[in-house]
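# Geometric and topological summary
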Amino acid sequence: MIAQFEQERPRLRAIAHRMLGSFAEADDALQDAWLRVGRADTAEIDNPAAWLTTVVGRVCLNMLRDRREHAFEMPDPVIEPAEEPEQQAVAKDQVGLAMLIVLDSLKPDERLAFVLHDMFAVPFDDIAPLIGKTPATARQLASRARKRVQDRPQPNVDLSRQREAVQAFLRASREGDLEGLVSVLHPDVLLRAGALEVIGGRAVAGRASLFRKYAATASVEFVLVGGEIGFVTRVDGVPFSIMAFTVRDDRIAAIHVIQDRERLAALIP
């Protein structure tokens, strides 16, 4: 069964990441699951892939239930190189940053039911024992989570239009153009950077214009952050931040910034 686990590892890690929102925690969950698999009697298991899915799901559920309330921390998005706009397309199965943030707001049982059923086609009959509920209740939990996911603000699907908005933001930031920043920001834009949370176009523009002081030494590399346009900044060649953008109706509706050095090292390819 350990050999089967290693074969399934990429899929199991994807499950753990979507459950936990953190690559580091996902790796911890897989290590725990690997140890459990090594100790289990698997002689009579008919469907190893399904059984391994439930093992990882149970480990992740326990981790979610053990979490204490904490200040918002952006989930770990997948960072990928950004190609030229005409070569880019949003993958249909891409889990974007906005979805990860919604998933992080769900209750543990809701998150498990939605992730396993809607993303990995696990039957409710198999999900129910994990949460100690009936299949009908598991279905209701997934339905409740699905509505939350579907109600999230939808970004522009066209990545070239996303890039145009982010380029306008970057240009205005570098020039210290406050009115230019306000014009590209949604009136209710949200900026999150660590413990800092700023809401509103003019307030966020005031913060973003401070980027100008890094312009002389900062280089910018456009990337896909959870399937949406963003960029990595480097100061003197060293990663300084990842900025993730949600663009809606050609204006920036949300900006999330990661500056923690350890997370930057883990996320930047």
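The coordinates are above.
Keep in mind the model is a prediction, meaning the values are calculated, not measured.

## Concerning the packing of aromatic side chains
The relation between two aromatic rings is expressed through the spacing of the ring centres and the mutual angle of the planes. This structure, assessed with the given rule, holds three aromatic pairs. Seen in terms of ring centroids, Phe222 and Phe231 are 6.0 Å apart; in terms of plane orientation they differ by 75°. Their pairing is edge-to-face. By the burial criterion, Phe222 is buried, and Phe231 matches it. Plain terms: the ring middles of Phe231 and Phe245 are 5.4 Å apart, the flat faces sit at 40° to each other, and that makes the pair tilted. Highlighted residues: Phe231 in strand 5 (residues 228–235) and Phe245 in strand 6 (residues 238–248), separated in sequence by 14 residues. With respect to burial, Phe231 and Phe245 carry one shared label: buried. Members of the aromatic cluster, connected to one another through ring pairs, are Phe169, Phe222, Phe231 and Phe245. The cationic tip of Arg163 hangs over the ring face of Phe222; the distance from NZ or CZ to the ring centre is 4.9 Å.

## Structural notes on the pairing of strand 2 (residues 185–193)
Two elements, strand 2 and strand 7 (residues 251–258), share five bridges in a ladder whose sense is parallel. The residue of strand 7 that forms the bridge with Leu191 is Ile255. Relative to strand 3 (residues 196–199), strand 2 runs antiparallel, the two being bridged by four bridges. The partner of Arg192 across the bridge, within strand 3, is Glu197. The turn joining strand 2 and strand 3, which pair antiparallel and follow one another in sequence, is formed by two residues; a positive phi near 65° is taken by Gly194.

## Looking at the side chain of Arg263
With respect to the helices, strands and loops of the structure, Arg263 is situated in helix 11 (residues 261–267). By relative accessible area, which is 16% here, Arg263 ends up buried. With near-sequence residues (within four places) excluded, Arg263 lies in contact with Glu73, Met74, Pro75, Asp76 and Ile258.

## Focus on unusual backbone geometry
Not every positive phi belongs to a glycine, and Asp249 is a case in point at roughly 55°. Looking at the secondary structure, you find Asp249 in the loop between strand 6 and strand 7. Looking at Asp249, the relative accessible area reads 60%, which means it is exposed. Positive phi outside glycine occurs at Asp250, with the angle close to 65°. Position of Asp250 among the secondary structure elements: in the loop between strand 6 and strand 7.

What counts as what
- Residues numbered from 1 in each chain as written.
- Predicted model: local features only at pLDDT ≥ 70, side-chain atom pairs only at ≥ 80, totals over all residues.
- Heavy atoms only, no water.
- Phe/Tyr/Trp six-rings, centres within 6.5 Å; stacked < 30°, edge-to-face > 60°.
- Buried < 20%, exposed > 50% of the residue type's maximum accessible area, 1.4 Å probe, protein only.
- Helix = DSSP H or I, 4+ residues; strand = E, 2+ residues; numbered from the N terminus.
- Lys NZ or Arg CZ within 6 Å of the ring centre and 35° of its normal.
- Pairing = 2+ DSSP bridges.
- Contact = heavy atoms within 4.5 Å.

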